[in-house]
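Reading the structure
Chain residues, written in single-letter form:
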Amino acid sequence: MARIKDTDYLAISARVRAMETTLMTPERMERLLEARSEDEVTRLLQDCGYPALDAARPERMDAALSEAREALLADLGGSAPDAGFIDIFKLKYDYHNAKAVLKAAAVGTDPARMFMDMGRIPASELKSAMESSELDTLPGLLPEAVAEAKNVLDTTRDPQLSDITLDGWMYRDMARTAERTGSAFLRGYVAAQIDAANLRSLIRTLRMGKNAGFLAGALLEGGETEPAALLAVAENGGSGLAELYAPTRFAAAAEAGAAALKGGTLTEFEKQCDDAVTEYLSGAQMVPFGEAPLLAYLAARETEYTNLRIVLMGRAAGLDADTIRSRLRRGIG
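In this convention, every chain numbers its residues from 1, walking through the sequence in written order. In keeping with the predicted nature of the model, local features appear solely for residues at pLDDT of at least 70, side-chain atom pairs appear and are counted solely at 80 or more, and the whole-chain, interface and lining totals rest on all residues. Hydrogens and water are ignored here; the side-chain numbers use all heavy atoms of the structure.

**Observations concerning the overall build of the chain**
- Looking only at helices and strands, the chain has 16 helices and zero strands in total.
- Here the radius of gyration uses the C-alpha set of atoms, whereas the globule reference equals 2.2 Å times the residue count to the power 0.38. Against the compact-globule benchmark of 20 Å for 333 residues, the chain has a radius of gyration of 20 Å, which places it among compact chains.
- Viewed in the frame of its principal axes, the chain has a C-alpha envelope of about 50 × 45 × 45 Å.
- Looking at the chain as a whole, 47% of its 333 residues qualify as buried.
- By definition, residues are in contact when any of their heavy atoms lie within 4.5 Å. A separation of at least 24 residues holds for 66% of the contacts in the chain among residues at least 6 apart in sequence.
- Within the chain, the 50 negative side-chain charges are centred at a point lying 2 Å from the centre of the 38 positive side-chain charges. Numbering goes from the N terminus for both helices and strands, where a helix is a DSSP run of H or I of at least four residues and a strand is a run of E of at least two. The classification of residues rests on relative accessible area computed with a 1.4 Å probe and restricted to protein chains. Under 20% of the type maximum is buried, over 50% is exposed, and intermediate values are partly exposed. In summary, the charge assignment counts Lys and Arg as positive and Asp and Glu as negative, without counting His or the chain termini. One atom stands in for each charge, and that atom is NZ of Lys, CZ of Arg, CG of Asp or CD of Glu.

**Notes on unusual backbone geometry**
- Of note in the backbone geometry, serine 133 takes a positive phi value of approximately 60 degrees without being a glycine.
- Inspection of the secondary structure puts serine 133 in the loop between helix H6 (123-132) and helix H7 (142-156).

**Points about H7**
- One less than the residue count of a helix, multiplied by 1.5 Å, gives the span that helix is expected to have. Taking 1.5 Å of rise per residue, the 15 residues of H7 would be expected to cover 21 Å, and the 21 Å separating its terminal C-alpha atoms lies within 8% of that figure.
- Those residues of H7 not exposed but buried are Leu142, Pro143, Ala145, Val146, Ala149, Val152 and Leu153.

**Some points on helix H9 (residues 184-208)**
- The first and last C-alpha atoms of H9 sit 36 Å apart over 25 residues, in line with the 36 Å expected at 1.5 Å per residue.
- Most of H9 sits out of view: 20 of its 25 residues are buried.
- Once H9 ends, the next one or two residues include glycine 209, with phi positive near 75 degrees.

**Describing the nonpolar core**
- Residues enter a nonpolar core if they are buried and are Ala, Val, Leu, Ile, Met, Phe, Trp, Tyr or Cys, with the set joined through side-chain atoms within 4.5 Å. Ranked by internal contacts, the top residues of the largest apolar core, which has 100 residues, are Leu32, Leu76, Tyr95, Leu199 and Leu202.
- Discounting chain neighbours no more than four positions away, the residues touching leucine 32 are Met24, Val41, Leu44, Leu45, Leu308, Val311 and Arg315.

**Regarding the layout of surface pockets**
- The method works on a 1 Å grid over the protein atoms by themselves. A cavity is a set of points holding a 1.4 Å probe that cannot get out, a pocket is an open set with protein on both sides within 12 Å along at least five of seven lines, and residues with an atom within 4 Å of a point line them. Grid points are joined across faces, edges and corners, and a volume is the space filled by probe spheres set on the points. The volume enclosed by the second largest pocket comes to roughly 530 Å³.
- Lining the second largest pocket are 25 residues, with Met24, Thr25, Pro26, Gly331 and Ile332 positioned closest to its centre.
- In terms of residue count, helix H15 (residues 291-316) provides more of the lining of the second largest pocket than any other element does, seven residues in total.
- Here the lining of the second largest pocket is composed, by residue class, of 12 nonpolar, six polar and seven charged. When residues are sorted by character, Ala, Val, Leu, Ile, Met, Phe, Trp, Tyr, Cys and Pro go into the nonpolar class, Asp, Glu, Lys and Arg into the charged class, and all the rest, Gly among them, into the polar class.

**So, empty space enclosed by the protein**
- Evaluation of the coordinates by the stated rule reveals one cavity of 30 Å³ or more.
- Of the voids in this model, the largest cavity is the one considered here, and its volume is about 40 Å³.
- Class assignment for the residues of the lining of the largest cavity results in two nonpolar, two polar and three charged.

**What about the packing of aromatic side chains?**
- Centres within 6.5 Å are what make two rings of Phe, Tyr or Trp a pair, Trp counting through its six-membered ring; a difference in plane orientation under 30 degrees is then read as stacked, over 60 as edge-to-face, and the rest as tilted. Tallied over the full model, the rule gives three aromatic pairs.
- When the ring of tyrosine 50 is compared with that of tyrosine 305, the centres are 6.4 Å apart and the planes differ by 90 degrees; the resulting orientation is edge-to-face. You can see tyrosine 50 sitting in the loop between helix H3 (38-47) and helix H4 (58-77) and its partner tyrosine 305 sitting in helix H15, a full 255 residues away along the chain. The two residues tyrosine 50 and tyrosine 305 agree in class, both being buried.
- Sitting over a ring, as applied to charges here, requires NZ of Lys or CZ of Arg to be within 6 Å of the ring centre and within 35 degrees of the ring normal. The side chain of arginine 172 reaches across the aromatic face of tryptophan 169, ending 4.6 Å from its centre.
- Between lysine 210 and the ring centre of phenylalanine 214, over which it is positioned, the NZ or CZ distance is 5.1 Å.

**Structural notes on the pattern of salt bridges**
- Only one rule defines a salt bridge in this text: a Lys or Arg side-chain nitrogen within 4 Å of an Asp or Glu carboxyl oxygen. Applying the stated criterion across every chain, the model contains 24 salt bridges.
- Measuring nitrogen to oxygen at the nearest pair gives 2.8 Å for the salt bridge that ties aspartate 75 to arginine 15. Of this pair, aspartate 75 sits in helix H4 while arginine 15 sits in helix H1 (residues 10-19); the two residues are 60 residues apart in sequence, bridging distant segments of the chain.
- Note on arginine 15: relative accessible area 33%, which makes it partly exposed.
- Through salt bridges with shared partners, a single ionic network connects Arg200, Arg204, Glu270, Asp274 and Arg329.

**Considerations on the environment of isoleucine 86**
- Position of isoleucine 86 among the secondary structure elements: in helix H5 (residues 84-107).
- Owing to a relative accessible area of 3%, isoleucine 86 belongs among the buried residues under this scheme.
- In this structure, the C-alpha to C-alpha distance between isoleucine 86 and arginine 120, residues 34 residues apart in sequence, is 9.3 Å.

**So, the packing of H9 against helix H13 (residues 251-261)**
- Think of each axis as a best-fit line through the C-alpha atoms, taken over the contacting stretch in the case of a helix, with angles from 0 to 180 degrees between the N-to-C directions. Direction vectors running N to C along H9 and H13 enclose 10 degrees, while the axes themselves pass 10 Å from each other. As judged from the angle between their axes, H9 and H13 are roughly parallel. Counted together, Leu199, Ile203, Leu206 and Arg207 of H9 and Ala253, Ala254, Gly257, Ala260 and Leu261 of H13 form the full contact between these two elements.
- Taken together, the residues of the contact of H9 with H13 sort by class into seven nonpolar, one polar and one charged. Each angle gets one of four labels, with under 35 degrees taken as roughly parallel, over 145 as roughly antiparallel, 65 to 115 as roughly perpendicular, and the rest as oblique.

**Side note on the side chain of aspartate 275**
- Mapping aspartate 275 onto the fold places it in helix H14 (residues 267-281).
- Filtering out sequence-adjacent residues up to four positions away, aspartate 275 remains in contact with Arg329 and Arg330.

Purely geometric stuff here, so don't read any function into it on its own.
In structure tokens, the structure reads:
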């Protein structure tokens with residue numbers, strides 16, 4: 001890989017800083033949350049470059065947000081010094097679509113309605129490759145991932161185990177993509193996501209009453225917290241969870257996870273996991289140019305799409321502002 005010079009980032013860093021001015025800041029999100037009419041909501045969305053988003057028609061709203069996400073990745077993809085910086089946000093959709101194809105084949109349905117066509121390869125091409133077993137045409141680690149997940153599904157008839165297999169390969173693909181870029185910041189971002197995924201697996205395993213053996217098959221290498229430490233917590237029924245994560249950015253998430261194990265909901269736990277990953281990205285604010293501002297901006301947009309959906313769906317459901325506010329993910333800044 002040719003070394004990327006700092007000067008290669010000057011133009012795209014300047015673009016990103018300009019594009020940040022249209023981000024849905026906490027102040028703008030608060031105005032959206034407190035808006036008294038749909039006309040006011042529409043105006044606020046237009047100020048940030050969005051079309052009207054109708055929560056009464058969730059499929060159309062999701063399609064509009066998907067189009068915004070796809071346009072953003074295409075726009076910045078042409079000027080990113082390394083395609084891996086864009087692929088890190090695309091590849092999760094390839095794995096989502098692979099799950100859809102495998103599940104649809106198992107029950108004899110069409111997976112098209114489940115596709116999210118924002119990956120490195122069009123969903124229709126992925127489907128054709130999987131159906132024809134021409135997996136070598138797939139990008140990254142997808143050939144190995146699909147082959148193993150299909151074998152797991154054929155052998156066990158358990159779609160959950162197949163999904164776990166694909167999730168594991170997805171994070172390996174992310175880690176390899178980050179390694180190839182040579183970016184320490186991106187490697188750290190992937191490690192933070194792996195830590196979040198492992199903590200989620202621990203809490204879900206305990207809530208389902210599964211044993212440490214089940215958890216061992218779901219845990220991933222590459223995070224800051226070793227899988228062996230999580231297995232020890234699982235073997236003790238969750239005891240030691242808070243102490244394990246106390247010195248990490250996942251301390252609040254672990255506390256929320258412990259509450260969920262005592263009968264609470266997973267909503268706050270999931271939010272805290274996402275917020276911990278965002279905390280890592282916040283370090284990019286002190287970097288004037290380079291890949292860090294680009295990656296942080298793309299991640300901020302991902303969080304924004306999630307928060308927009310939470311606010312608009314919450315308003316449509318008649319939830320009060322405080323309830324909706326409690327569910328919002330932390331933004332960068």
